[in-house]
Structures are given as structure tokens and as C-alpha cells.
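# Structural overview for review
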Amino acid sequence: MFEAELVRWPGESGWVFAPVPVEHAPETAGAFGRVPVTATVDGRSWATSVWWDRQAGWLLAVPKKIRAGKDHGDVVRVEVEVDLSRLGE
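Just so we're clear, the structure is a prediction, and the values are computed from it rather than from any experiment.

### Considering the overall build of the protein
Helix and strand content of the protein: one helix and seven strands. Starting at the N terminus and walking to the C terminus, you meet the elements of the protein as β-β-β-β-β-β-α-β. Relative to a compact globule of 89 residues, whose C-alpha radius of gyration would be 12 Å, the protein shows 12 Å and is just as compact. Dimensions of the protein, computed from the C-alpha atoms along their principal axes, are close to 35 × 25 × 20 Å. Buried positions account for 37% of the 89 residues belonging to the protein. Pairs at least 24 residues apart make up 57% of the contacts formed inside the protein by residues separated by at least 6 positions. As displayed, the protein offers around 5800 Å² of accessible surface, 50% of which is attributable to carbon and sulfur atoms.

### Re unusual backbone geometry
Although it is not a glycine, Asp42 adopts a positive phi angle of roughly 50°. Mapping Asp42 onto the fold places it in the loop between strand E4 (34-41) and strand E5 (44-53). Of note, the phi angle at Ala68 is positive, near 50°, even though the residue is not glycine. Tracing the backbone through its elements, the reader meets Ala68 in the loop between helix H1 (64-67) and strand E7 (75-82). Look at Ala68 and you get partly exposed, because its relative accessible area is 47%.

### Thoughts on the pairing of E7
Two strands pair when backbone bridges link them, and strand E1 (residues 2-5) and E7 are joined in this way by four bridges, in the antiparallel orientation. Looking at E7, one finds that Phe2 is bridged to Val78. Alignment of E4 against E7, held across five bridges, turns out to be antiparallel. In the sheet register, Ala39 faces E7, and the bridge partner there is Val80.

### Some remarks on the sheet that holds E7
Whenever strands of a sheet pair, they do so through backbone hydrogen bonds, lying parallel or antiparallel. On the basis of which strands lie adjacent, the open sheet formed by seven strands has the order E1-E7-E4-E5-E6-E3-E2 and antiparallel pairing. The open sheet has two edge strands, E1 and strand E2 (7-8), and neither has a second partner.

### Quick notes on the nonpolar core
Grouped together as the largest cluster of nonpolar side chains are 20 residues, with contacts concentrated most on Val20, Val41, Val50, Leu60, Val62, Val78 and Val80. Where this core is concerned, the elements lending two or more residues are E1, strand E3 (16-20), E4, E5, strand E6 (57-61) and E7. Of all the elements, E4 adds the most residues to this core, at four residues. When neighbours within four sequence positions are excluded, Val62 is seen to be in contact with Leu6, Val16, Ala18, Val41, Trp46 and Arg67.

The rules behind each value
- Residues numbered from 1 in each chain as written.
- Predicted model: local features only at pLDDT ≥ 70, side-chain atom pairs only at ≥ 80, totals over all residues.
- Heavy atoms only, no water.
- Helix = DSSP H or I, 4+ residues; strand = E, 2+ residues; numbered from the N terminus.
- Rg over C-alpha atoms; globule rule 2.2 N^0.38 Å.
- Buried < 20%, exposed > 50% of the residue type's maximum accessible area, 1.4 Å probe, protein only.
- Contact = heavy atoms within 4.5 Å.
- Areas by Shrake-Rupley, 256 points an atom, 1.4 Å probe, with all protein chains shown as cover.
- Pairing = 2+ DSSP bridges.
- Core = buried A, V, L, I, M, F, W, Y, C linked by side-chain atoms within 4.5 Å.

Limitation: the analysis is restricted to geometry and does not speak to function.
What follows is the structure in C-alpha cells.
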């Protein structure tokens, strides 16, 4: 588990991400730079993927319903676990 400061991507309807520190990130990126995970943010869990971005590193998109009113600059508690059943290996 780690804490992350939410970042809103620029642009209209920009996504909100929780940056994932290297020590909590998958070892390698999958297809299209994504890896399926089960994510938990502030106690709310869902099946999703983390994305690899060359400039920003590993990112977890956090939907509005999960953020519960939190947005850019707010700190959340995050846990990500690679979902081996969805890896497609």
C-alpha cells in the first residue's frame, strides 16, 4: 500500500491518475503498455489496468465514482495487485 497525490491530465474531461511508485508497479508492461490489476483506492476496489507512460511512469486511472469527491492534488491510499487471471499468458 502507498499514498499518491492525484493528478488530472490536461484537457477537457481529463482523466485523473494516481502515479504508481516503481516499487509497487508491475515488472514489465503488457500489451499497449497496460497491465491488468485489482486496484484499491481509499478502501474501494475494482478491476482495471495500470498504464505505462514514458514521461510519467506507471499510472492508475481513478474513476470519479472511486475518488468520492477527491481530485487533482488530493492524496489517496492505493494498493495495486497484478491480476494474473487477466494477463493473457
